[in-house]
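Descriptive structure summary
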Amino acid sequence: HRDMEKLQSLLKTYNNVHPEDVKLASWHKQYCVTPFPKYWEVVYSILSNLDKSNKVVEVGCGLGDVSVIMYYLGFNDVVSFEREPVLAERTRQRIKEILSVDANVKNDVFPNGVSCKADVLILVNCAHREYADSKEDYLSLIRSYYEVVGKPRYFIWEVIDDSYKEVDEDFPEYLRLNEECVRGLFPKSRITSWVTYSYPINKRSKTLYLIEK
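First, a word on scope: everything that follows refers to the structure included in this document. Because the structure is predicted, anything quoted here is derived from the model rather than measured.

Regarding the packing of aromatic side chains
Throughout the structure, instances matching the rule amount to 13 aromatic pairs. Judged by centre distance (6.3 Å) and plane angle (35°), the ring pair of Y39 and Y197 falls under tilted. Here the residue Y39 occupies a position in helix α3 (residues 38-48), and Y197 occupies one in strand β7 (residues 190-197), the gap between them amounting to 158 residues. Here the two residues Y39 and Y197 agree in accessibility, since each one is buried.

Below, the structure is given as structure tokens:
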């Protein structure tokens, strides 16, 4: 916990010195105060227990608030994808300034023909609404992500939970899943889950799943 709190302090300090980043991504403000969002702490906890030689692929890294965990913990084979060029560049700058590490951030839509096998796939705080028009489409999309990196041993995936019933254009009903949906997508996997957000305490309800082969 002390190591996690140290990283939170480093990141929070950096974020408060760079308030302009909140203008790039409004959700980033949750990383300007502690405690950080629950999903961040769960991802940290999962990764801290894995072998650091595992290859990690992260989809939709935003400003790198999760990406920095991998480098801080000592993972040496990490690739993050971010389709927005400004966010991708800021992630590189941030991790360089905070940890003096050159982060491997691809400014691209995942996977876009890129071949990158992984032991760990991370997809958190990122719904990809625009790439699917139905629940079937969305589940197929996620399955394709999983398969394109070679069916990794660990898949860390945060979803909007279907207990969330509000009308929400950003997260239509077909993006909202329950554990049965997840188990149906990965029927032979060991699945652990954590509630990371609960409506109405939070804006939405979310659950993070660890899917293990």
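Considering the pairing of strand β4 (residues 120-123)
Burial of β4 is two-sided: the residues V120 and I122 facing one way and the residues L121 and L123 facing the other way are all buried. The pairing of strand β1 (residues 56-59) with β4 spans three bridges and is parallel. If you follow V57 over to β4, its bridge partner there is L121.

Details of the packing of helix α1 (residues 2-17) against α3
Put simply, α1 and α3 touch, their axes get as near as 11 Å, and they point 130° apart. Looking at the two axes, α1 sits oblique to α3. The chirality of how α1 crosses α3 is right-handed. In this structure, α1 contributes D3, M4, L7, Q8 and L11 to the contact, and α3 contributes W40, E41 and Y44. For the contact of α1 with α3, the residue count by class is five nonpolar, one polar and two charged.

Side note on the packing of α1 against helix α5 (residues 85-99)
The geometry of α1 relative to α5 is characterised by a closest axis approach of 11 Å and an angle of 120° between their N-to-C directions. By the angle between their directions, the pair α1 and α5 is classed as oblique. For α1 against α5, the interelement crossing comes out right-handed. Counted together, L10, L11, Y14 and N15 of α1 and R90, Q93, R94, E97 and I98 of α5 form the full contact between these two elements.

Concerning the side chain of T196
You can see T196 is positioned in strand β7. The contact partners of T196, leaving out residues within four places of it in the chain, are K38, Y39, E158, K206, T207 and L208.

Points about unusual backbone geometry
Most peptide bonds take the trans form, and the phi angle of most residues other than glycine is negative. With omega at 0°, the peptide bond leading from T34 into P35 counts as cis. Mapping P35 onto the fold places it in the loop between α2 (20-24) and α3. With an omega of -10°, the peptide bond running from F110 to P111 counts as cis. Structurally, P111 is set in the loop between β3 (105-106) and β4. Of note, S100 is a non-glycine position whose phi angle comes to about 60°, a positive value.

Re helix α6 (residues 135-148)
In this model α6 runs 20 Å from its N-terminal to its C-terminal C-alpha over 14 residues, within 8% of the 20 Å that 1.5 Å per residue would give. Of all the residues in α6, the buried ones are Y138, L139, L141, I142, Y145 and Y146. Seen along its axis, α6 keeps its buried residues to an arc of 155°; they face one direction. G150 sits one or two residues past α6 and shows a positive phi near 85°.

A few points about the nonpolar core
Core analysis: the biggest nonpolar cluster contains 38 residues, and W40, L47, I69 and I156 have the highest contact counts within it. Those elements giving two or more residues to this core turn out to be α1, α3, α4 (67-73), α5, β4, β5 (154-161) and β8 (206-212). The dominant element in this core, judged by the number of residues it contributes, is α3, at seven residues. Sequence-distant contacts of W40, that is, excluding residues within four places in its chain, are made with M4, L7, Q8, L11, Y31, D65, V66 and I69. A118, L123, A132 and L139 belong to the second largest nonpolar core, which has 33 residues in total.

The rules behind each value
Residues numbered from 1 in each chain as written. Predicted model: local features only at pLDDT ≥ 70, side-chain atom pairs only at ≥ 80, totals over all residues. Heavy atoms only, no water. Phe/Tyr/Trp six-rings, centres within 6.5 Å; stacked < 30°, edge-to-face > 60°. Helix = DSSP H or I, 4+ residues; strand = E, 2+ residues; numbered from the N terminus. Buried < 20%, exposed > 50% of the residue type's maximum accessible area, 1.4 Å probe, protein only. Pairing = 2+ DSSP bridges. Axes fitted to C-alpha atoms, helices over the stretch in contact; angles between N-to-C directions. Parallel < 35°, antiparallel > 145°, perpendicular 65-115°, else oblique. Left-handed = near helix turned anticlockwise from the far one by under 90°. Contact = heavy atoms within 4.5 Å. Nonpolar A, V, L, I, M, F, W, Y, C, P; charged D, E, K, R; others polar. Expected span 1.5 Å × (residues − 1). Arc of directions from axis to C-beta. Core = buried A, V, L, I, M, F, W, Y, C linked by side-chain atoms within 4.5 Å.

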